[in-house]
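So you can see what is in the structure, the chains are spelled out below.
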Amino acid sequence: MTDQRTLVVIGGTSGIGLRMAQRAAARGDEVILSGRDADSAAAVAKELGDRARGIAVDLSRPGEVAGALAGVEKVDHLVVAAIERDLNTATDYDVARAVNLVTLKLVGYTEAVHALLPKFGADGAVVLFGGLAKDRPYPGSTTVSTVNGGVMGMVHTLAVELTPIRVNAIHPGIVGDSPFWSVKPAEVLDGYISRTPTGRLATMDNIADAAEFLLRNPAVNGVNLNVDGGWLLT
Ligand SMILES: NC(=O)c1ccc[n+]([C@@H]2O[C@H](COP(=O)([O-])OP(=O)(O)OC[C@H]3O[C@@H](n4cnc5c(N)ncnc54)[C@H](OP(=O)(O)O)[C@@H]3O)[C@@H](O)[C@H]2O)c1
């Protein structure tokens with residue numbers, strides 16, 4: 001058996017998902033990455049070389065996900081990293097935005113796994129992306145905290161049901177060089193750094209490295225892994 005694999009990244013046109021796609025392509029793996037728009041996803045994939053291709057998948061429309069993934073023939077590793085951020089509070093609750101993110105991250109993530117199940121081999125593995133807003137809410141994180149908590153339960157049930165396919169999740173803290181955070185004012189990032197025991201924020205490569213460990217280690221299953229430099233302890 002060769003070390004080369006097929007990696008599917010749902011939410012692979014940007015940020016951590018893209019970094020995982022880049023790293024896999026550089027290793028010589030076949031990569032299928034998705035965004036909501038087919039042309040944009042294809043353009044991003046083209047930058048990764050001949051063994052990468054881009055497809056359109058919108059997880060906020062779960063009824064269309066199976067059709068969107070029908071052309072995927074084989075999966076060794078699946079990463080589901082998609083997010084549309086929702087700033088929401090219970091005091092001033094925007095139901096439409098909340099429904100969109102809950103649909104995307106809870107129903108959409110599960111449907112992506114479901115739709116690809118027949119394409120997995122026995123040593124297949126899945127990594128889902130949650131986030132530490134599940135434990136450490138911030139103003140406006142009502143929906144984000146809720147869905148990231150939901151990812152924990154999703155991992156537990158899928159790891160048991162889908163055996164021998166392994167299912168784990170990464171829960172990043174603040175990823176300082178990600179597109180969302182890297183444009184924030186320095187004083188905002190410094191506030192997080194000062195509360196992080198390592199004295200630095202996690203990078204996209206740190207997160208990708210941890211996710212690759214979850215994908216490759218045959219004994220790791222049903223794990224919700226925090227990758228945050230010890231931020232939760234302060
Ligand atoms: N960045 C952080 O510091 C951080 C912290 C904690 C947790 N996380 C989690 O880590 C994951 C990756 O975060 P990120 O910041 O790297 O992401 P990002 O740069 O914001 O990229 C989001 C990705 O999701 C795709 N996407 C957006 N809406 C979608 C939809 N409706 N259906 C399918 N795909 C959709 C985007 O593609 P298009 O725009 O091309 O459609 C893009 O590829 C997320 O699950 C996030 O919650 C990140």
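A brief look at the structure comes next.

1. A look at the overall build of the protein
Helices and strands together make up the secondary structure of the protein, namely 8 helices and 7 strands. Since a compact globule built from 234 residues should have a radius of gyration of about 17 Å, the 17 Å found for the protein is in line with a globular shape. On the principal axes, the C-alpha backbone points of the protein span a range of 45 × 35 × 35 Å. Expressed as a percentage of its 234 residues, the buried residues of the protein come to 49%. Counting only contacts in the protein whose residues sit at least 6 apart along the sequence, the fraction spanning at least 24 positions is 68%. Taken as a whole, the protein presents about 10,800 Å² of accessible surface, with 55% of it coming from carbon and sulfur. Placing the 21 positive and 26 negative side-chain charges of the protein at their respective mean positions leaves the two points 3 Å apart.

2. A closer look at the pattern of salt bridges
One pass over the structure, following the stated rule, counts 11 salt bridges. Here Asp-205 and Arg-23 are joined by a salt bridge, their closest N and O atoms 2.8 Å apart. Of this pair, Asp-205 sits in helix H8 (residues 204–216) while Arg-23 sits in helix H1 (residues 15–27), and the two are 182 residues apart along the sequence. Relative accessible area serves as the criterion here: at 32%, Asp-205 is assigned to the partly exposed category. Given a relative accessible area of 21%, Arg-23 falls into the partly exposed group. Here the salt bridges share partners, and the residues they tie into one network are Arg-19, Arg-23, Arg-27, Asp-29, Asp-205, Asp-209 and Glu-212.

3. Quick word on empty space enclosed by the protein
By the definition in use, this model includes 2 cavities of 30 Å³ or more. Here the largest cavity defines a volume of roughly 70 Å³. Every residue along the wall of the largest cavity is listed here: Arg-5, Leu-7, Met-20, Ala-24, Arg-27, Asp-29, His-77, Glu-212, Leu-215 and Arg-216. For the lining of the largest cavity, the elements supplying multiple residues, two or more each, are H1 and H8. Here the residues of the lining of the largest cavity sort into 4 nonpolar, 1 polar and 5 charged. Gly-173, Ile-174, Tyr-192, Thr-196, Leu-201, Ala-202, Val-227, Asp-228 and Trp-231 together form the lining of the second largest cavity. Along the lines of polarity and charge, the residues of the lining of the second largest cavity split into 6 nonpolar, 2 polar and 1 charged.

4. Points about the sheet that holds strand S5 (residues 120–129)
Strand order in this open sheet of 7 strands is S3-S2-S1-S4-S5-S6-S7, and the pairing throughout is parallel. Unpaired on one side and paired on the other, strand S3 (52–56) and strand S7 (224–227) mark the two borders of the sheet. Within this sheet the neighbouring strands show an average axis-to-axis angle of 20°, counted without direction. By the bridge criterion, 5 bridges tie S5 to strand S6 (residues 166–172) in an arrangement that is parallel.

5. Focus: the nonpolar core
In terms of nonpolar packing, the biggest core is built from 61 residues, with Leu-59, Leu-69, Leu-78, Tyr-109, Leu-128, Phe-129 and Ile-170 touching the most fellow members. Here the element with the most residues in this core is H8; it accounts for 7 residues. Residue contacts for Leu-59: discarding those within four places in its chain leaves Ile-10, Val-65, Val-80, Ala-82, Thr-103, Leu-104, Gly-108, Tyr-109 and Ala-112. Of all hydrophobic cores here, the second largest spans 7 residues; its members include Leu-132, Ile-174, Tyr-192 and Leu-201.

6. Notes on H1
The terminal C-alpha atoms of H1 lie 19 Å apart, and with 13 residues this matches the ideal 18 Å at 1.5 Å per residue to within 8%. Residues of H1 that are buried: Gly-15, Ile-16, Gly-17, Leu-18, Met-20, Ala-21, Ala-24 and Ala-25. Positive phi appears at Gly-28, one or two residues downstream of H1, with a value of about 95°.

Thresholds applied
- Along every chain, residues carry numbers that run from 1 in the direction the sequence is written.
- In keeping with the model being predicted, local features are shown solely for residues with a pLDDT of at least 70 and side-chain atom pairs are shown and tallied solely at 80 or more, while totals for entire chains, interfaces and linings include all residues.
- Calculated side-chain values reflect all of the structure's heavy atoms, with hydrogen atoms and water omitted.
- Each helix is a run of H or I in the DSSP string that is no shorter than four residues. Each strand is a run of E no shorter than two, and both are numbered from the N terminus.
- In this treatment the radius of gyration is a C-alpha quantity, and the globule benchmark scales as 2.2 Å times the residue count to the 0.38 power.
- Summary of the burial criterion: residues with accessible area below 20% of their type's maximum are buried, those above 50% are exposed, and those between are partly exposed, where the area comes from a 1.4 Å probe applied to protein chains only.
- Contact definition: two residues touch when any of their heavy atoms are within 4.5 Å.
- In short, Shrake-Rupley with a 1.4 Å probe defines the accessible areas, and a residue's cover is counted only from the protein chains shown.
- Asp and Glu are treated as the negative residues and Lys and Arg as the positive ones, with His and the ends of the chain left uncounted.
- To locate a charge, take atom NZ for lysine, CZ for arginine, CG for aspartate or CD for glutamate.
- Note on definitions: salt bridges are taken to be side-chain nitrogens of Lys or Arg within 4 Å of carboxyl oxygens of Asp or Glu.
- Method remark: on a 1 Å grid restricted to protein atoms, a set of points is classed as a cavity if a 1.4 Å probe fits but cannot get out and as a pocket if it is open with protein on both sides within 12 Å along at least five of seven lines; lining residues have an atom within 4 Å of a point.
- Grid points are joined across faces, edges and corners, and a volume is the space filled by probe spheres set on the points.
- Each residue is assigned to one of three groups, with Ala, Val, Leu, Ile, Met, Phe, Trp, Tyr, Cys and Pro labelled nonpolar, Asp, Glu, Lys and Arg labelled charged, and all others, Gly among them, labelled polar.
- Two strands qualify as a pair provided DSSP detects at least 2 bridges between them.
- Between N-to-C directions, angles span 0 to 180 degrees; the directions come from axes that are lines fitted to C-alpha atoms, helices contributing only their stretch in contact.
- We define the nonpolar core as a collection of buried residues of types Ala, Val, Leu, Ile, Met, Phe, Trp, Tyr and Cys that are connected through side-chain atoms lying within 4.5 Å of one another.
- Given the number of residues in a helix, its expected span is that number minus one, multiplied by 1.5 Å.

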